[in-house]
Amino acid sequence: MLEAQPIAEPQIVPRHIAIIMDGNGRWARKRRLPRVEGHRRGADAVRRTGEICKELGVSCLTLFAFSSENWNRPAAEVDDLMGLLRHYLRREIGELERNGIRLSVIGDRTRLPQDIIDLIDEAEFRTQSNSVMRLTIAVSYGAQDEIVRATREIAAAHARGELSLDEIDEQAFASRLYTADIPDPDLIIRTSGEQRLSNFMLWQAAYAELLFVDTYWPDFDKSALLTAIAEYNARERRYGARPAR
Ligand code: FPP
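Keep in mind that what you see is a predicted model, and the values were worked out from it rather than measured.

Cut-offs used in this document
- Residues numbered from 1 in each chain as written.
- Predicted model: local features only at pLDDT ≥ 70, side-chain atom pairs only at ≥ 80, totals over all residues.
- Heavy atoms only, no water.
- Salt bridge = Lys/Arg side-chain N within 4 Å of Asp/Glu carboxyl O.
- Helix = DSSP H or I, 4+ residues; strand = E, 2+ residues; numbered from the N terminus.
- Phe/Tyr/Trp six-rings, centres within 6.5 Å; stacked < 30°, edge-to-face > 60°.
- Buried < 20%, exposed > 50% of the residue type's maximum accessible area, 1.4 Å probe, protein only.
- Polar contact = N/O pair within 3.5 Å; in protein donor to acceptor, adjacent residues only side chain to side chain.
- Contact = heavy atoms within 4.5 Å.
- Near = heavy atom within 4 Å.
- Areas by Shrake-Rupley, 256 points an atom, 1.4 Å probe, with all protein chains shown as cover.

## A word on the pattern of salt bridges
And step 1. The final tally for this structure, using the stated rule, is 25 salt bridges.
And step 2. Put simply, Glu 37 and Arg 40 hold a salt bridge, and the shortest N to O gap is 2.5 Å. Here Glu 37 and its partner Arg 40 are both found in helix H2 (residues 35-56), three residues apart, which amounts to about one turn of the helix.
And step 3. Within this structure, Asp 22, Arg 26, Arg 190, Glu 194 and Arg 196 form a network of salt bridges that share partners.

Next comes the structure, spelled out in structure tokens:
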């Protein structure tokens, strides 16, 4: 497990941090609390992490809140998670608007309850001109589904004669992903000790630094984030080029 270290030297703050928030259930079990309590504390960590990232000058923060596979959880837990998302959106819209944060939600929103879709539309509309930080929440999101959707769009554009085979390149593909208007993540953090991407940002992760930390998501705090940023700074990103001498 990474230990929190005070930051001695100026650090490069990653432009885009993406987080797979994991371990709410284990956090609750360790305390003999119901799983929903872990998710509640997870929602507190969402607010806290947003504030810290804004304070540190992170441009984009993306949080994986609910995967396309999470629909297979027991209905009561899905309801709890939707309830927390509803509560978060209702409570935070004004705050995000005032703090200059632009909120986007990515994923298959057609599967969400209509009132949540309406709240998302309202939050995205009210914060669309904000530019201090971009907060993206992935809900009902799966990267393979995102890639299949982009492929279908490309095939349709090709069939209509709008896109030749030669024009199908990385840019044509990236511009059809949910993340078309944000940079790829520089740093992807997964909490709770699991070391997988679990269908999160598979295309966008091409050059991201991956960091797996043991902390359960509800315990993720400023010290954990600063430690992650220090680890990111200790790595050398080469994008396939030779190391600098
Ligand atoms: C993983 O923990 C976490 C989730 C499936 C949901 C993440 C949700 C939140 C942080 C709260 C609501 C979100 C917002 C945006 C308000 P797990 O249940 O898989 O934990 P476990 O692996 O320890 O069982």
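## Some details on the packing of aromatic side chains
And step 1. Summed over all chains, the structure comprises seven aromatic pairs.
And step 2. With 6.1 Å between their ring centres and 55° between their planes, Tyr 141 and Tyr 178 make a pair best called tilted. With a gap of 37 residues between them, Tyr 141 in strand S4 (residues 133-141) and Tyr 178 in the loop between helix H6 (170-174) and strand S5 (187-190) connect regions that are remote in the sequence.
And step 3. Relative to Phe 220, the ring of Trp 217 has its centre 5.3 Å away and its plane inclined at 20°; by these criteria the two rings are stacked.
And step 4. On the basis of relative accessible area, Trp 217 is assigned to the buried category, the value being 1%.
And step 5. Taken together, the aromatic side chains of Phe 64, Tyr 141, Tyr 178 and Phe 200 make up a single cluster linked through ring pairs.

## Here's the deal with the side chain of Ser 104
And step 1. Position of Ser 104 among the secondary structure elements: in strand S3 (residues 101-106).
And step 2. Given the relative accessible area of 10%, Ser 104 is considered buried.
And step 3. A polar side-chain atom of Ser 104 sits 3.0 Å from a polar atom in the side chain of Arg 134.
And step 4. In contact with Ser 104, other than residues within four places in its own chain, are Glu 124, Arg 134, Leu 135, Thr 136 and Ile 137.

## Regarding the site of the ligand
And step 1. Neighbouring the ligand are 17 residues; Gly 25, Arg 26, Arg 35, His 39 and Arg 73 lie closest to it.
And step 2. In the environment of the ligand, an oxygen atom lies 3.5 Å from a nitrogen or oxygen atom belonging to the backbone of Gly 23.
And step 3. The separation between an oxygen atom of the ligand and a polar side-chain atom of Arg 35 is 2.8 Å.
And step 4. Computed on the free molecule, the ligand has an accessible area of 620 Å², of which 92% lies beneath the protein chains in the complex.
And step 5. Only helix H1 (24-30), H2 and helix H3 (75-98) provide two or more residues apiece to the shell around the ligand.
And step 6. Residue contributions to the shell around the ligand peak at four residues, all from H2.

Shape is all these values report; function is a separate question.
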